[in-house]
Amino acid sequence: MHALPFLVAFASALILAPALLRALTAGGHMRPNYRSRLLPLPFGVLTPAAALIALIPLMLLQKLASVAVFHPEVLPIATYALGVSALGLIDDTLGAAPADGTGGAVHRGWRGHGAAVLRGELSTGALKAAGSLGLALFTMAYLGFSNARWLLAVAVLVLATNVFNLLDLRPGRATKVFVLLGACLGIGSLEVRPLWSLGLFTAPALVAGFYDLRERAMLGDTGANLLGALAGLWLVLTLSGTGQVVALALLAAITLYGELWSISALIERVPGLRELDSWGRPS
């Protein structure tokens, strides 16, 4: 029964997606992508919306039929996922749009957000970073870790959330990395429990990612940050302490590279990555 949240949320997202696409378009919530095509944004709101709607039948089933639908860790997962989605939505709606068509705020990267704060400006990116840290400290405290493992999990969670924001510069890129990461974690650990624990949000995130890949909409920070949050949670729920240290080092390296250089330029220079990155996009 633990796969049920994934299936119900997936169906909820499939039903809701066309209506959300029309609503964003009719409301003028459009922004140019990297090819200057006007697309609805933030389509990432599909994920929390579909997940919350899916809770209606799932909770009725759990309470009235006494069926164990959710794993216990779903509460801290939902708290972090919904909180990060809200912070991303603030960034999408209150942050100014950049000229590069990436759908994020003008002050990109920690250096840009830090400089904006020092100038006394409202940086929605800095708000998002600080809020994500607070959420991570709060939610990871409910997984029963020691103090050292708690701080390690928080660091992995916050950096993963930020890394997927750095990756979301081309259609479908963040979703592809998320799917590859999940496949590696699942195959490497032979454990499906983390997938089912995250299923309420993972399933609609995949639907939103398909629309993003096909350039029918853009996830925005709402969707990209949520993918990063789910990736970080998957790492924390799957890896040992040593594995999380390795993951933290890799996430820190990607973050540093993204701050100093262009991840998109790197991908374009590597043939295998270039083909994988462009796969599935309309020509």
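By convention here, each chain's residues receive numbers from 1 onward along its written sequence. This being a predicted model, a pLDDT of at least 70 is required before a residue's local features are given, and a value of 80 or more before pairs of side-chain atoms are given or counted; all residues contribute to the totals for chains, interfaces and linings. Calculation of side-chain values draws on the structure's entire complement of heavy atoms; hydrogens and water are dropped beforehand.

(A) Fine view of the overall build of the chain. The numbering of helices and of strands both runs from the N terminus, where a helix is a DSSP run of H or I of at least 4 residues and a strand a run of E of at least 2. Assigned secondary structure in the chain consists of twelve helices and two strands. Counting only C-alpha atoms and orienting by the principal axes, one finds that the chain spans roughly 50 × 45 × 45 Å. Buried residues are those whose accessible area, probed at 1.4 Å on protein chains only, stays under 20% of the maximum for their type, while exposed residues exceed 50% and partly exposed ones sit between those limits. The buried share of the chain, taken over its 283 residues, is 48%. In what follows, residue pairs with any heavy atoms lying within 4.5 Å of each other are defined as contacts. A fraction of 78% describes how many contacts in the chain between residues 6 or more apart in sequence connect residues 24 or more apart. All accessible areas in this document rest on Shrake-Rupley with a 1.4 Å probe, and a residue is counted as covered only by the protein chains that are shown. A total accessible area of about 12800 Å² is found for the chain, and carbon and sulfur atoms account for 72% of it. The distance from the centre of the 19 positive side-chain charges to the centre of the 14 negative ones in the chain is 3 Å. Just so you know, the count uses Lys and Arg for positive and Asp and Glu for negative, and it drops His and the chain ends. Positions of charges follow a simple convention, taking NZ of Lys, CZ of Arg, CG of Asp or CD of Glu.

(B) Molecular detail of the environment of N165. Take N165: it is sitting in helix α6 (residues 147-167). A relative accessible area of 12% places N165 in the buried class.

(C) Just unusual backbone geometry, in detail. That bond from L41 to P42 is cis: its omega, 5°, falls within 30 degrees of zero. Within the secondary structure, P42 sits in the loop between β2 (38-40) and α2 (46-64). Non-glycine residue S66 carries a positive phi angle of around 55°. Looking at the secondary structure, you find S66 in the loop between α2 and α3 (74-94).

(D) Layout of the pattern of salt bridges. The term salt bridge refers to a side-chain nitrogen of Lys or Arg lying within 4 Å of a carboxyl oxygen of Asp or Glu. Tallied over the entire structure, the rule returns eight salt bridges. Note that E215 and R35 form a salt bridge whose closest N and O atoms lie 2.9 Å from each other. Highlighted residues: E215 in the loop between α8 (193-213) and α9 (220-238) and R35 in the loop between β1 (30-32) and β2, separated in sequence by 180 residues. D91 is the partner of K128 in a salt bridge, and the nearest nitrogen-oxygen pair spans 2.9 Å. Of this pair, K128 sits in helix α5 (residues 124-140) while D91 sits in helix α3, placing them 37 residues apart in sequence. Judged by its relative accessible area of 2%, D91 is buried. What emerges from the salt-bridge pattern is a single network uniting R35, R37 and E215.

By themselves, these observations are geometric and do not establish any function.
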